[in-house]
Structures are given as structure tokens and as C-alpha cells.
Amino acid sequence: MTAIPKEEYLLKCTSACAGCSSSLCLRYITKAAGPDTVLVVPACCTSVIQGMYPNTAMDIPVYNIAFAAAAACASGLSNAFRALRRETNVIVYAGDGGTVDIGIQALSGAFERGTDFLYICYDNEAYGNTGMQRSGATPLGARTTTTPGGKPTTKKDLDRIVEAHDPPYMATACSAYPLDLFKKVKKALSIRGPKFIHILAPCPPGWRYSAEKTIEMGKLAVKTGTWVLYEREYGNLTINGPSKAAIRKPAPLEDYIKGQGRFKGVTPAMLEQMRQQMQANITRLVREEEGIC
Amino acid sequence: MLTIATGNKAVAAAVKAAKPGVIAAYPITPQTEIVEQIAEYVTAGALASEYIPVESEHSAMAACIGASAAGVRTFTATSSHGLLYMHEMVHWAAGARLPIVMANVNRALGPGWNVWAEHTDAFSQRDTGWLQVFVSTVQEAYDATLMAFRIAEHENVLLPVMVNLDGFTLSHITQSLEAFDPGDFIPPVRIPHAIDVENPCVYGPLTGPADYFRFRWDIERSMRDSVGVIADVEREFAERFGRSYGPTEDYRCEDAEVVVVAMGTLGKEAEVAVDLLRQEGVAAGSMRLRWFRPFPKLDLAGRDVVVIDRDYSFGFGGVVAHSIRSTTGAEPYSVIAGLGGQEVTHEDIAGFVKTRQSGKEFWFGVNDRV
Amino acid sequence: MYEIRIHSRGGQGGVTAARLLALAAFRDGKHATACPFYGAERRGAPVVSFVRIDDQPIRVYSQIQKPDLVIVLDTSIMDVVDVFQGLREDGAVLLNSSHDLDGSDLTAYHVDLTGIALALDLVVAGSPILNTPVLGALAKLGIVSLPSVKEAISETFADERNVQAAEKAYQEMTV
């Protein structure tokens, strides 16, 4: 078993909501990265979670930056550290809105330029910081404050966009599998160039489930096949253990959907569409892993 | 080295002399030659900077912010729509107290598409907390860019500086240039609040009204301190390199009954107008306004003032005319001229002086001549 | 102050000729500015560039209204542009041509810059290079010195034929 360092870089004084899975992720990410790390945070839940000036819950340098600017700011940091001959890790920790929507241009630019950094998107499938408005990452049928009747379009496939940039390392992760995340961050930081990790981060107030079910919700996402854990290293895809099992014997999609208030009002037709999309995604990934693509 | 160069190449040469750690820039007419020249310096090994070819101006400034926060000297260049596109980060750079230097090649704003000189782009960034200087010759573009690093990085300033040069009229004109090694005039950069992993800090977190207010006051206090820093740096520059600069460049003002205030290349053209007027017996002088932020205190008491604005604040008036009115009490004859690269000759400027009407506004080429 | 307006077509080197002339004047110890007028540039479209030379620093940025000398690098432009516009009464015209200006009282000089470039095989992208030979002609007119012209050209171009072209134009043009 990989030893998780005892040192804490996210201290026990955050202003996160009860059951916040993204702060759990941040705890493991910073443990994996260690103290020679700068975290770049655009506007997102983490802007709030880290605490209010002059206090902070973070024990590594954090550079807060404007919503659209995280990847570009990280480029500047990364190149400056290179100019200074320093090996400091530069990690962007951004929400889905700051990644798939307003920040995607900067993200694309930084990946195309080959910036040496790790971009982590923690995806709670809406603008959580401002009270759950829809983002491009909100799934079909989900109710948000700006899609009160459920989102009529599907979730933007961020991973295929990032994949198109052919980064040396990209992975998915889920807050319910912190050890898997820890290992992926470690591996990502051992590779030069632009790296990407996309974390599904269930959100109790946003998804409308009770706080103590936050791990269960992440596990259900993986076990139903809604969220597939994999990593792609220099183009070679590996589907990770929990998802391998889920693909062989998936839990019913309804188990994931019915536990979340945001999916209230999803019609059988929508559920069928979700199932087909999920299956298409799994098929694509399995074929890629088998080398049939 | 004595040579000839365009305004753009002079800026690039000054950047090479200042040796930034990181340069991040996106090309735009008429600034393009600056980034091309810098890319060439870096490729040829003449400049050991990290050059980040960003995908937008917003990212250019964001990258400069990241790099400067890491503690290295940074530079970018833009123009017009590029400056407006990075506007959010222009505010951020000043708020984060980062001594970034940016060349802005002044250009009009669309629509319609217009690539020629106008100052509205720079003035749209007036309240961001950036220092702004306007230059009028190729040599001054070089000298001011070098000095910008010294001023921005001064411990009592730590604010970004924008060096403005007129699109095409100055960016593309060829004049003589003395490029030189500034030596210890440009010492290694030291940013006291640079990121230090040994002493981890959070930058720009949620901040309540009381602290936020204090940070804003700190910006203004540094802006006020910058007046003295600018004067010191310009004095040292004059002593070491022989060219003196100030908040304004005054020409035949001592006994002038009427003073023309203009910026950039129009400020130089105004000097020629003054000579014309003097030949005709009009006691004219000119004041070329160099520093726009911090805005200098001008001594215009007892004289008529003609202000040429290459800009306009719609629903209000010429930005420079109103700035002068509010800071000096003068009632200038406000001439709006040169927008979108409109041709304005020294004869035209002499005409403005001869037909001046204090307190009135005149749109050159639009209003009938009085 | 001596003011020159250069008429050419985009891609013929009028802008570079202006810069070279400014450099040569600068090497003569004079002040000089060279400024292209940029419009919507297309290859082959008529373009103008301006050069000012003076003993004093030059503070004028506006376009030249009354040139002392008009240079026409491509005489076909004369069909579409009034190249003589604003020319001073004591001004002159320099044409890239093998023959003189017909039926005019203007002081005109001519030299076959195209022929000189072709003879030396100074051709880039199918176009003969005119910006270096024209400097020789300007030296012959006494606007700049021949040594400064040669210096300016060698500072700018590695190919020695450029200097030869300027020398050839200097020799061929009759004043």
C-alpha cells in the first residue's frame, strides 16, 4: 500500500460545506504533491473553502486568480520557475465551470504550448460556489437554479477535448477513491509537460443528497458506470480496477439517479438516453484499451 | 550602439537590455513587430527569457501575473482590442502589486476596424492602478521602457507600468536609436512578496471590506510615492545616459501666453506649431504630457490653454482636457483630433491656437472652423 | 529639412528604400526619419513612404504634403496616382526608367533601376530589387553620400550585389 504522508497541507479550519468531497480531494492532492508546490485557484468553491484573509486553511502557497485565467497564470508560474531553475510543482485546482466553460481557452492554450503543470478539474457538475447554476458539465436532466426544469442538453465531454491535445498524462478520478487519486497525482507530477486529472466530486447541497452519503454517491457513480476511472499515459489507456468491475457487472443506473434530488423529474426517455450515453462512453474506452479504435 | 530603429524595435531592444525572466505576449497590429523581434532575440539566444506564446491577451497578462508572482521580471506588449481583452487581468496585476511592464501601441477601437493611432485604448485602463507614460520618439520609447522596469520594481512602487506609443506614427517610423547596456541601472528584480514555498502564503483570497479598503489605499499611497520615484529614476537616467525626461516636456513655455497640451507624437508636432506661431508673433508654447498616471500637477496659471485630445469620453468630453480643468482650474480650449489616425499637421495645430475659445470644445474635421 | 516621398507598389521595396535612405543620412551625421503610410496593404497595390532629412532633430510626424523630391519606383503607378501632387516648384522627380519624363517642365532624373537589378540577378520572389540601387541614385543627387549609402546597405544586407547595384546606379545616372 502506498504510504500517505502524515503531513497536512489543508488544515482543519476550512469553510467547506458538510460532506464536501472536493476538499477531501484537495487534502489528498496536496499530500501527494508535498510542500514544494504552488496551487493556482480560479474562482470556484476552493476560493471560499481556503478561508478568508488574513486566515487560511492552506499550508502551501495558493495563488488565487480570475475565473478564466488559471491555466495561463500557471503557465507564467511554470515558466518562471524554469527561469529560476526551480522544480516547484504548479497545480491548477479548478472547478468545472472554470474548466469546461470560461477557462477552456486558457486550458487549451496551456496544453498546446506544452506547459509543465498539472491541471486538476474537480467536477461537481455546476457552479457550486454561487449556488448551483448550470455549467457545461451539468448532466442531462439535472435541475440547477438556472435549469429549474432539468438541463435539456448533455454534459460536455471535457476529457475528449483534453485528449485531443495529446497530453503525456491524463486521468479521471473520483472523491470516493482517494488512494487512486493520490497515486494518480504522484504519477502525474513525475512526468514533464501538461498533465490533467478530472475528478468527479459529488456535492451534497448541489446534488441534493444528505452529507453523510457523499462517499456512497461517488462509489455509485463509478459502480453504475456513469463515471469511469481510467488513466492515459503517453496515449496508452488503462481502465482502473473499480471501473473494470463495474463494466463487467454494473449496478443499476437508477441507484445513482434516485438518490439525488437534482434528478427529480428525469423522464424514462431521458434515463434511457443517459444509459445509452454511458454505454457509448464505456464501449469507446474499452475498445481503446483493447487497441480497437 | 547608434543605429536606426522603429518605435517597436526600440521597445524590443529595451526589453532585451532589461532581460526579463518571462515574456508572454499575443500579436496584434501594430504591436506585432515587438513580439516578432523578441521571439527572434530569444530564438537566436540573444535574450535568455522564457517566451510564452499565449493564445490571447487575457492569458498574456495572466501568465505575466503568474510569472511575476514567482519573482521574475516580466514583460508583455499589446494594443487596442488586445488591451481591452486583457482588461480584467490589467486590474488584477495592479491589485496583486506586480511590477509588470507592458508596451501598449496606441490604436483605435472598433467598430469599424481601424488600426491607426488613438489614445482611447490606454485611457480605458485609467483606473486600474497602472502607471502610464506616453512617449514621442523612438529613443524615448527605448529609454522609457528601460526606466519602466526600474520604476515598477521600486520597493515603494511595486505597481505595473504601461509604456504607450502611437500606432504606426511612432511604432513604424524609423529614427535614430542609441541602444546601450544599462548595467546596474537595471539591478536584478526583487519582489518582496514573491511566492516562497518555505514561507507559504495565500494570495488574493476572499477579503473583507476593511482589509480590501486598506489594500486600495496602499495602491494609491504607492501611486503617490511613485511621483518621487519617477523623478529620481529620470534624474539618475539623465546623469548616467544624458537624456532628461519629466512629467511633461515643455517647449518655449517660459514666456508663453498660450500653451498647447498634447500627448505622444502630436506633442512633438505641437512644438513645430509653436515655432510657426512664434514666427507669426504669437507667444505660444507647448507641454507634452508624458505621465498620465500618476497625473502630474501642471503650472498653467495665467495662460490660455489648448488641449488636444486623441481620445474621447462619450457624454463627458476630452479626457486630458477635463483632467487639466479639474487639476489646474484652467478653462482649456478642448480640441478633439487625431481619432482613428486622423492626420493632424503642425499647421492644423497652429490653427487651433489662433482660433481658440476658452472653455469650448472643437472636433477637428467635424465642427466648422470658428 | 529635405522631404522625400517614395511611390512604389507593395512588395517592390519602397518601405525598405525609405529606411535605408534614413540610415544613410544618419551615417552622414544628419537626422532622418522614414515612415511608411500603411493602409490596407496588398502585394502590388500602390504604397507611399516618406523620408525627412535635416540637420536638426525632426519633430514632424504628419505626412509630407510638399515634397522636395518624389521617387517613382514603378512608373505604371503614374497612370493611377498623381505622383506630382504637392511637389515643390523647385522640387524634382526621380524615375525608375530608361528614359526621361516627356513633355514636362519638372526637373526630372531617371535611371533604369530594374535593368541594374536584373543585370546583377538581384531578384527576390520574381521581383527585381529596387531599394538598394535607388540609394546609389540618391547619392548621385547629393542627398546622401556614397560611402554612407554603401555602409547602410552592407549593415542591412549580406549580399554584396546590393552595394554593387547602388554603385552602378550612381555611375549610370546623369545629373
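Keep in mind the model is a prediction, meaning the values are calculated, not measured.

As enumerated under the stated definition, the model contains 56 salt bridges over all chains in all. A salt bridge links Arg262(A) to Glu125(A); the nearest nitrogen and oxygen atoms lie 2.8 Å apart. Taken as a pair, Arg262(A) in the loop between α11 (253-258) and α12 (268-290) and Glu125(A) in the loop between β4 (117-123) and α6 (158-163) lie far apart in primary sequence, 137 residues in all. With a relative accessible area of 2%, Arg262(A) lands in the buried category. Put simply, Glu140(B), Glu234(B), Glu249(B), Arg252(B), Lys268(B), Glu271(B), Asp275(B), Arg288(B), Arg290(B) and Arg59(C) are held in one network by salt bridges that share partners.

Here we come to the domain arrangement of chain B. Residues and elements named next belong to chain B. Structurally, chain B comprises domain 1 (2-241) and domain 2 (248-363). On a C-alpha basis, the centroid separation for the pair domain 1 and domain 2 is 27 Å. Listed as interface residues are 30 residues of domain 1 and, on the opposing side, 22 residues of domain 2. Buried surface at the junction of domain 1 and domain 2, summed over both partners, amounts to about 2,100 Å²; 62% is from carbon and sulfur atoms. Taken as a group, Phe123, Arg126 and Ser136 account for 25% of the area that domain 1 buries against domain 2, more than any other trio of residues on that side. Remark: the boundary between domain 1 and domain 2 carries four salt bridges. Across the domain 1-domain 2 interface, the total number found is 13 residue pairs in polar contact (both at pLDDT 80 or more). Put simply, the parts of the chain that give the side of domain 1 that touches domain 2 at least two residues each are α6 (120-123), β6 (131-134), α7 (138-153), β7 (161-166) and α8 (209-241). Sorting elements by how many residues they give to the side of domain 1 that touches domain 2 places α8 first, with five residues. Among the residues making up the side of domain 1 that touches domain 2, the classes are represented as 16 nonpolar, eight polar and six charged.

What the rule picks out here adds up to 27 aromatic pairs over all chains. Ring geometry for Phe67(A) versus Tyr127(A): centroids 6.1 Å apart, planes at 75 degrees, classification edge-to-face. Placement of the pair is Phe67(A) in the loop between β2 (62-64) and α3 (70-83) and Tyr127(A) in the loop between β4 and α6, with a sequence separation of 60 residues. Ring geometry for Trp207(A) against Tyr256(A): centres 6.4 Å apart, planes inclined by 85 degrees, an arrangement best described as edge-to-face. Here Trp207(A), found in helix α8 (residues 204-207), pairs with Tyr256(A), found in helix α11; they are 49 residues apart in sequence, far enough to count as distant. Given the relative accessible area of 0%, Trp207(A) is considered buried. The structure contains a cluster of three or more aromatic residues connected by ring pairs, namely Tyr142(B), Phe180(B), Phe185(B), Phe237(B), Phe241(B) and Tyr245(B). The positively charged end of Arg262(A) is found above the aromatic ring belonging to Trp207(A), 3.8 Å away from the centroid. A cation over an aromatic ring shows up here: Arg150(B) above the ring of Phe185(B), its NZ or CZ 4.8 Å from the ring centre.

Time to look at the environment of Leu23(C). Checked against the element boundaries, Leu23(C) lands in helix α1 (residues 14-27). A residue is classified by how much of its surface remains accessible, and Leu23(C), at 4% relative accessible area, is buried. Those residues in contact with Leu23(C) that sit more than four places away from it in its chain are Ile4(B), Ala152(C), Glu155(C) and Thr156(C).

Residues and elements named next belong to chain B. Those residues of helix α10 (residues 319-328) not exposed but buried are Val319, Val320, Ala321, His322, Ser323 and Ile324. The elements touched by buried residues of α10 are α6, β11 (258-262), β12 (284-289), β13 (291-293), β14 (304-309) and β15 (333-336). Glycine 329 lies just past α10 and shows a positive phi near 80 degrees.

The next thing to look at is the sheet that holds strand β2 (residues 22-24) of chain B. Read from one edge of the open sheet, seven strands run β3-β2-β4-β5-β7-β6-β13 (chain B), paired in mixed fashion. Each edge of the open sheet carries a strand with a single partner, namely β3 (50-52) and β13 of chain B. Direction aside, the axes of adjacent strands within the sheet are offset by 20 degrees on average. Direction of pairing for β6(B) relative to β7(B): parallel, over a ladder of four bridges. From the neighbouring strand, Phe134(B) faces β7(B), where its bridge partner is Asn164(B). Relative to β3(B), α3(A) is tilted by about 165 degrees, and along the sheet it contacts β2 and β3 of chain B. Strands β4 (74-78), β5 (101-106), β6, β7 and β13 of chain B of the sheet are contacted by α7(B), whose axis makes an angle of about 170 degrees with β7(B).

So, on to the packing of α1(C) against helix α4 (residues 146-156) of chain C. Residues and elements named next belong to chain C. Running from N to C, α1 and α4 cross one another at 125 degrees; their axes reach a closest spacing of 8 Å. Put simply, α1 runs oblique to α4. Both α1 and α4 take part in a crossing whose hand is right-handed. Together, Leu20, Leu23, Ala24 and Arg27 of α1 and Ser148, Val149, Glu151, Ala152, Ile153, Glu155 and Thr156 of α4 make up the contact between the two elements. Considered class by class, the residues forming the contact of α1 with α4 number six nonpolar, two polar and three charged.

Before going further, it helps to examine the interface of chain A and chain B. Between chain A and chain B, the residue contacts involve 41 residues of the former and 39 residues of the latter. The contact between chain A and chain B buries some 3,000 Å² in all, and 67% of this surface belongs to carbon and sulfur atoms. A per-residue breakdown of the area chain A buries against chain B is headed by Tyr53(A), Tyr63(A) and Arg113(A), which together make up 23% of the total. Summed over the shared surface of chain A and chain B, the result is two salt bridges. Counting the contacts that link chain A with chain B gives nine residue pairs in polar contact (both at pLDDT 80 or more). Sorting the residues of the side of chain A that touches chain B by element identifies β1 (37-41), α2 (45-49), β2, α3 and α5 (104-112) of chain A as the ones contributing at least two each. The biggest single contributor to the side of chain A that touches chain B is α3(A), with ten residues. Grouping the constituent residues of the side of chain A that touches chain B by class yields 24 nonpolar, twelve polar and five charged. Note that β2(A) and strand β9 (residues 202-203) of chain B share two bridges and pair parallel. Bridging from a neighbouring strand, Val62(A) pairs with Val202(B) of β9(B).

With that settled, consider the pairing of β1(A). Residue and element names in this part refer to chain A. Among the five residues in β1, five count as buried, and that is most of the element. Where burial is concerned, the two faces of β1 agree: the one with Thr37, Leu39 and Val41 and the one with Val38 and Val40 are both buried. Here β1 runs beside strand β3 (residues 89-95); their pairing, made up of four bridges, is parallel. By the bridge assignment for β3, leucine 39 is matched with isoleucine 91.

Reading the values: the criteria
Residues numbered from 1 in each chain as written. Chains lettered and ligands numbered in written order. Predicted model: local features only at pLDDT ≥ 70, side-chain atom pairs only at ≥ 80, totals over all residues. Heavy atoms only, no water. Salt bridge = Lys/Arg side-chain N within 4 Å of Asp/Glu carboxyl O. Helix = DSSP H or I, 4+ residues; strand = E, 2+ residues; numbered from the N terminus. Buried < 20%, exposed > 50% of the residue type's maximum accessible area, 1.4 Å probe, protein only. Domains from an automatic or database assignment. Contact = heavy atoms within 4.5 Å. Buried area = accessible area lost by both parts, 1.4 Å probe. Polar contact = N/O pair within 3.5 Å; in protein donor to acceptor, adjacent residues only side chain to side chain. Nonpolar A, V, L, I, M, F, W, Y, C, P; charged D, E, K, R; others polar. Phe/Tyr/Trp six-rings, centres within 6.5 Å; stacked < 30°, edge-to-face > 60°. Lys NZ or Arg CZ within 6 Å of the ring centre and 35° of its normal. Pairing = 2+ DSSP bridges. Axes fitted to C-alpha atoms, helices over the stretch in contact; angles between N-to-C directions. Parallel < 35°, antiparallel > 145°, perpendicular 65-115°, else oblique. Left-handed = near helix turned anticlockwise from the far one by under 90°.

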